[in-house]
Amino acid sequence: MDTWTSLDISAAALKRAQKLREENDRVREQAAAELARARELIADIAELLGARGLRRD
């Protein structure tokens, strides 16, 4: 394998790694938003249960 081929492969690998990092960041942000929403829903449910006297602490 010559130097240029090796550099092309390395450049492609770096580009792929960057795309994977970007995708990972996007998925992490989405998961954080979904987790925050789940926490809000749990808090809402706990509040409703408390209002009905059904909540156990």
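Residues numbered from 1 in each chain as written. Predicted model: local features only at pLDDT ≥ 70, side-chain atom pairs only at ≥ 80, totals over all residues. Heavy atoms only, no water.

**Student:** Hey, could you run me through the overall build of the chain in this one?
**Tutor:** If you tally the helices and strands in the chain, you get one helix and zero strands. For 57 residues, the compact-globule estimate of 2.2 N^0.38 gives 10 Å, and the chain exceeds it by more than 25% at 24 Å. Each of the three principal axes of the chain carries a C-alpha extent, and together these read 75 × 15 × 10 Å. When burial is assessed residue by residue, the chain has 2% of its 57 residues classed as buried. Of the accessible surface of the chain, which amounts to about 5400 Å², a share of 57% is contributed by carbon and sulfur atoms. The positive charge centre, built from 11 side chains, and the negative charge centre, built from 11, are 5 Å apart in the chain. (Helix = DSSP H or I, 4+ residues; strand = E, 2+ residues; numbered from the N terminus. Rg over C-alpha atoms; globule rule 2.2 N^0.38 Å. Buried < 20%, exposed > 50% of the residue type's maximum accessible area, 1.4 Å probe, protein only. Areas by Shrake-Rupley, 256 points an atom, 1.4 Å probe, with all protein chains shown as cover. Lys, Arg positive; Asp, Glu negative; His and termini not counted. Charge placed at Lys NZ, Arg CZ, Asp CG, Glu CD.)

**Student:** Sorry, what's going on with the pattern of salt bridges here?
**Tutor:** It is possible for side chains of opposite charge to pair when their charged atoms get near one another. Under the criterion given, the structure shown has three salt bridges. The shortest N-O distance in the salt bridge between Glu-23 and Arg-26 comes to 2.7 Å. One end of the pair is Glu-23 and the other is Arg-26, both in helix α1 (residues 3-51) and three residues apart, which spans about a single turn. On the accessibility criterion, Arg-26 (42% relative accessible area) is partly exposed. (Salt bridge = Lys/Arg side-chain N within 4 Å of Asp/Glu carboxyl O.)

**Student:** How should I be thinking about α1 in this particular structure?
**Tutor:** Working note: α-helix, 3.6 residues per turn, so residues spaced by three or four point in the same direction. In a regular helix each residue adds 1.5 Å, so 49 residues correspond to 72 Å; α1 covers 71 Å between its end C-alpha atoms and thus fits that length. Put simply, Asp-2 is the residue that caps the front of α1, since its side-chain oxygen is 3.3 Å from the backbone nitrogen of Trp-4. Taken from the residues just after α1, Gly-53 is the one with a positive phi, measuring 75°. (Expected span 1.5 Å × (residues − 1). Polar contact = N/O pair within 3.5 Å; in protein donor to acceptor, adjacent residues only side chain to side chain.)

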